[in-house]
Amino acid sequence: MAKTGYGKRPAGDEDPYADPDFAHLSPRDREIAVFVDHLVEGHAMGYKVIAAAHPRYGQQAVRSSLGRITLAGHLRWIKEHITVEDNSMRWVTRTYWSRTHRSAEWWEDFARERHGKDVTEDHMPGLARIEDEEIEEPAPEAEEPESNEPAAEQPSTAYQALAEVRAVDPRMALSDSDCRALETLAAEWLSLGATPHDITKALTDGLPPAVTNPGGLARNRLEKKMPPKKAKIRQKAARRAHVSRVIMACGLCDADERTTKIVSGLCEECLAEIEAEGPVHGYGAVPETFLPGPRDGRGGLPGADEVIDVTDRVDALRRAAGLL
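Since the structure is predicted, the reported quantities are computational estimates derived from the model, not experimental observations. (Residues numbered from 1 in each chain as written. Predicted model: local features only at pLDDT ≥ 70, side-chain atom pairs only at ≥ 80, totals over all residues. Heavy atoms only, no water.)

(A) Geometry of unusual backbone geometry. Backbone geometry at Asp254 places phi at a positive 75°, although glycine is not the residue there. Along the chain, the position of Asp254 falls in the loop between β4 (241-249) and β5 (262-263). Although it is not a glycine, Ser264 adopts a positive phi angle of roughly 50°. For Ser264, the position within the fold is in the loop between β5 and β6 (266-267). (Helix = DSSP H or I, 4+ residues; strand = E, 2+ residues; numbered from the N terminus.)

In structure tokens form, the structure reads like this:
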């Protein structure tokens, strides 16, 4: 499986499963298309990953077939430029799959419709990849007067939470050495979603009338009452993210429209490589005169949906085999 938001994604509005879905493809391409069609949503779509999972074909065969399947209108790689609320930006490559045969024009419209989409749930936090023209110079900061005194080290939130317990209950007057010794434990509480109030409550609830060793009692309670890792009490809300730019990318080499021309999902170099392996008649990169005829508005071989009654033939074979 790919990371969340990456991997196989449905293009949507597909027809139900049917035997002629990939009838316009060559036998090998048809087999790989059926295999990809049955991969779960989110599965990694690199040809190396698919080849590792496929029982019959290696990397080069899968790569070539994915190129032809792309030309046939079932697969597209689209790069989406994501902008987040904090103005960080990055490029994300999405892989869209369609069981239904789609024209190049349909995919172009699909890509344009991605612009402006809210993709907060799909956004993976990380280092932003910002284009040169989009970098804004930060405003110069006002210079502060120089001082010969060293800057005082600010205590951590965990230390402060421990030091302030005495204000709630004087029996838990933790010394500076106590707070520093327990700082790591308190920080672990905070990392699990607890708040300083949660720490204070854990250290002051149900105290005995007299506390002779506040540091030892605090350590015992912090260790025994540690929040479970699965129950992060409060999590930061995800920053809103939206698609600010969309471009088509080549499915075989990751080149995109910024540097090369993309023809039916492939760059011209990869398209020439696929064409050199054999004719691509019946695939999306050739003139419309070579494309298969319509099939219920989806495209495919003429007569592919024709129903032929073979009952008599099957009965004859069963009689010959002594089954009737």
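(B) Spotlight on the nonpolar core. In terms of nonpolar packing, the biggest core is built from 23 residues, with Ile78, Ile82, Phe110, Cys250, Leu252 and Leu266 touching the most fellow members. If you list the elements that add at least two residues to this core, you get β2 (75-84), β3 (89-97), α4 (104-114), β4, β6 and α10 (268-276). Counting residues per element, this core draws most heavily on β4, at four residues. Each residue touching Cys250, except ones within four places of it in the same chain, is listed here: Trp77, Ala255, Ile262, Gly265, Leu266, Cys267 and Cys270. (Core = buried A, V, L, I, M, F, W, Y, C linked by side-chain atoms within 4.5 Å. Buried < 20%, exposed > 50% of the residue type's maximum accessible area, 1.4 Å probe, protein only. Contact = heavy atoms within 4.5 Å.)

(C) Representation of the environment of Thr70 within the structure. Checked against the element boundaries, Thr70 lands in helix α3 (residues 59-71). The contact partners of Thr70, leaving out residues within four places of it in the chain, are Leu75, Arg76, Trp77, Ser264, Gly265 and Leu266.

(D) Structural detail: helix α7 (residues 176-191). Relative to the 22 Å expected for 16 residues at 1.5 Å per residue, α7 spans 22 Å between its end C-alpha atoms, a close match to the ideal helical length. Just beyond α7, the residue with positive phi is Gly193, at close to 105°. (Expected span 1.5 Å × (residues − 1).)

(E) Highlighting the side chain of Thr83. By the secondary structure assignment, Thr83 is in strand β2. Among the polar contacts made by the side chain of Thr83, one reaches the side chain of Ser244 at a distance of 2.8 Å. Sequence-distant contacts of Thr83, defined by excluding residues within four places in its chain, comprise Ser88, Met89, Arg240, Ala241, His242 and Ser244. (Polar contact = N/O pair within 3.5 Å; in protein donor to acceptor, adjacent residues only side chain to side chain.)

(F) Main features of the sheet that holds β2. Overall, mixed pairing links the four strands, which are arranged β1-β3-β2-β4 in an open sheet. The open sheet is flanked by β1 (8-10) and β4, the only strands paired with a single partner. Strand after strand, the sheet turns through a mean of 45° between neighbouring axes, direction not considered. Direction of pairing for β1 relative to β3: parallel, over a ladder of three bridges. (Pairing = 2+ DSSP bridges. Axes fitted to C-alpha atoms, helices over the stretch in contact; angles between N-to-C directions.)

(G) Summary view of the environment of Arg239. Structurally, Arg239 is set in the loop between α9 (214-224) and β4. As a C-alpha pair, Arg239 and Glu85 span 154 residues in sequence and 5.9 Å in three-dimensional space. Every residue in contact with Arg239, bar those within four places of it in the chain, is listed here: Val84, Glu85, Asp86 and Thr120.

(H) Main features of the packing of helix α1 (residues 27-37) against α3. Look at α1 against α3: their axes get within 9 Å of each other, and the N-to-C directions meet at 85°. In terms of axis orientation, α1 runs roughly perpendicular to α3. Contacts between α1 and α3 involve Arg28, Asp29, Ile32, Ala33 and Val36 from the former and Ala61, Val62, Ser64, Ser65, Leu66, Arg68 and Ile69 from the latter. Here the residues of the contact of α1 with α3 sort into seven nonpolar, two polar and three charged. (Parallel < 35°, antiparallel > 145°, perpendicular 65-115°, else oblique. Nonpolar A, V, L, I, M, F, W, Y, C, P; charged D, E, K, R; others polar.)

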